[in-house]
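Letter by letter, the chains look like this.
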Amino acid sequence: MARPKYEANSLHAREALIHAFWECLEQEALKDISVLGICRRAHLNRNTFYYHFETMEDMIDAAVSETLSFDVAMMLAIRPATNPLDLVSAFEGEGMKERFDHVVLLAGKNSTVALQEKLKDSLRAVWYEVLGVRESDVSQEEKLELEFCLGGIMALLAMKSRTGDEIAVGDYLGTPFFKRVLAHIDSIACKQGRSGGL
């Protein structure tokens, strides 16, 4: 298949398709999003879609993987609760607000259980990796505590999605609840001889 044409000053086709996917997910349930709907929103044809992605699932995986970058997951799961301003300012950096909004969509009502689990798995994996904690060294009780904390983060993100408010990232991440969740995650790391406040 020939490479699609690129016009100057426009999103590359692949980026436009992913951007259209997020716009669709904001408006409708994932199960109702189609290749045709994404292409129409991106003003591209189906051949262009299939040039960049084999299937809808491939495109969703690419969009989710780009959103769940290491830095986003690290900020949501690791940053110390004692300095939430660092967390808020990091999310206000270039491209981070858009990624945060995408994370909110993944946790929200239009997502699927599978995508929500992928988000939670990403947060968990970053926690283990960044802190150098092996899952096998974490007690069952600590694993349950971590799952509870991650569930709290997911609930907070889903709440932002449900309300649809144009509330600043800091208004969510700076809440006492979120600070307590991060402090508890940090305390689990401290039990392992590590600190979340890298």
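**Q** Just to check I follow, could you spell out the overall build of the protein chain for this structure?
**A** Along the backbone of the protein chain there are eleven helices and zero strands. Element-wise, carbon and sulfur atoms account for 51% of the exposed surface of the protein chain, whose accessible area totals about 10,600 Å².

**Q** Which parts of the structure should I look at to understand the pattern of salt bridges?
**A** One side chain can pair with another of opposite charge once the charged atoms of both are near each other. Following the criterion strictly, the structure yields eight salt bridges and no others. The salt bridge partner of R14 is E66, with a shortest N-O separation of 2.6 Å. Remark: E66 occurs in helix α4 (residues 56–67) and R14 occurs in helix α1 (residues 13–27); sequence separation between them is 52 residues. Residue R14 is classed as partly exposed on the basis of its relative accessible area, which comes to 31%. The partner of R124 in a salt bridge is E147, and the shortest N-O contact between them spans 2.5 Å. Taken together, the positions of R124 in helix α8 (residues 113–131) and E147 in helix α9 (residues 140–163) put the pair 23 residues apart, joining distant regions of the chain. Overall, the relative accessible area of 15% leaves R124 in the buried class.

**Q** Looking at this structure, I do not really get the side chain of T67. What am I missing?
**A** When you line up the elements, T67 lands in helix α4. Look past the residues within four positions of T67 in its chain and what remains in contact with it is W22, V72, R99, H102, V103 and L106.

**Q** So what exactly am I meant to see when it comes to the packing of helix α7 (residues 96–107) against α8 here?
**A** Two quantities define a packed helix pair, namely the angle between the axes and the distance from one axis to the other. In contact at an axis separation of 8 Å, α7 and α8 are set at 130 degrees when each is read in the N-to-C sense. Relative to α8, the element α7 is oriented oblique. Within the contact between the two elements, α7 uses V103, L106 and A107 and α8 uses L115, Q116 and L119. Looking at side-chain class alone, the contact of α7 with α8 contains five nonpolar, one polar and no charged residues.

**Q** In this structure, what is going on with unusual backbone geometry? I would like to understand it.
**A** The bulk of non-glycine residues show a negative phi, and the bulk of peptide bonds are trans. At H43, a residue that is not glycine, the phi angle is positive and equals roughly 60 degrees. Inspection of the secondary structure puts H43 in the loop between α2 (35–42) and α3 (46–52). Taking relative accessible area as the criterion, H43 reaches 72% and is therefore assigned exposed.

**Q** Can you help me understand the environment of M154 in this one?
**A** If you trace the backbone, M154 turns up in helix α9. Separated by 48 residues in the primary sequence, M154 and L106 place their C-alpha atoms 9.4 Å from one another. Once residues lying within four places of it in the same chain are set aside, the contact partners of M154 are A107, Q116, L119 and K120.

**Q** Whenever I open this one, the environment of L68 confuses me. Can you help?
**A** Among the secondary structure elements, L68 is positioned in the loop between α4 and α5 (70–77). Separated by 38 residues in sequence, L68 and L106 place their C-alpha atoms 9.9 Å apart. Every residue in contact with L68, bar those within four places of it in the chain, is listed here: V103, L106, K118, L119 and S122.

**Q** Hey, could you run me through the nonpolar core in this one?
**A** For soluble globular proteins, nonpolar side chains are generally found buried alongside one another. Grouped together as the largest cluster of nonpolar side chains are 52 residues, with contacts concentrated most on F21, I38, M59, L119 and W127. It is α1 that provides the largest number of residues to this core, a total of eight residues. Not counting residues up to four positions away in its chain, the partners in contact with M59 are L17, I18, F21, I38, F49 and F53.

**Q** What's the story with the side chain of K120 in this structure? I'm lost.
**A** Here K120 shows up in helix α8. Residue K120 is classed as buried on the basis of its relative accessible area, which comes to 16%. If sequence neighbours within four positions are ignored, K120 has contacts with E147, L150, G151 and M154.

**Q** What exactly am I supposed to notice about the packing of aromatic side chains here?
**A** Note on aromatic pairs: each is described by the distance of the centres and the angle between the planes. This model, assessed by the stated rule, comprises three aromatic pairs. Relative to Y50, the ring of F49 has its centre 5.0 Å away and its plane inclined at 80 degrees; by these criteria the two rings are edge-to-face. Aromatic ring contacts, followed pair by pair, group F49, Y50 and F53 into a single cluster.

So, how was this worked out
- Residues numbered from 1 in each chain as written.
- Predicted model: local features only at pLDDT ≥ 70, side-chain atom pairs only at ≥ 80, totals over all residues.
- Heavy atoms only, no water.
- Helix = DSSP H or I, 4+ residues; strand = E, 2+ residues; numbered from the N terminus.
- Areas by Shrake-Rupley, 256 points an atom, 1.4 Å probe, with all protein chains shown as cover.
- Salt bridge = Lys/Arg side-chain N within 4 Å of Asp/Glu carboxyl O.
- Buried < 20%, exposed > 50% of the residue type's maximum accessible area, 1.4 Å probe, protein only.
- Contact = heavy atoms within 4.5 Å.
- Axes fitted to C-alpha atoms, helices over the stretch in contact; angles between N-to-C directions.
- Parallel < 35°, antiparallel > 145°, perpendicular 65-115°, else oblique.
- Nonpolar A, V, L, I, M, F, W, Y, C, P; charged D, E, K, R; others polar.
- Core = buried A, V, L, I, M, F, W, Y, C linked by side-chain atoms within 4.5 Å.
- Phe/Tyr/Trp six-rings, centres within 6.5 Å; stacked < 30°, edge-to-face > 60°.

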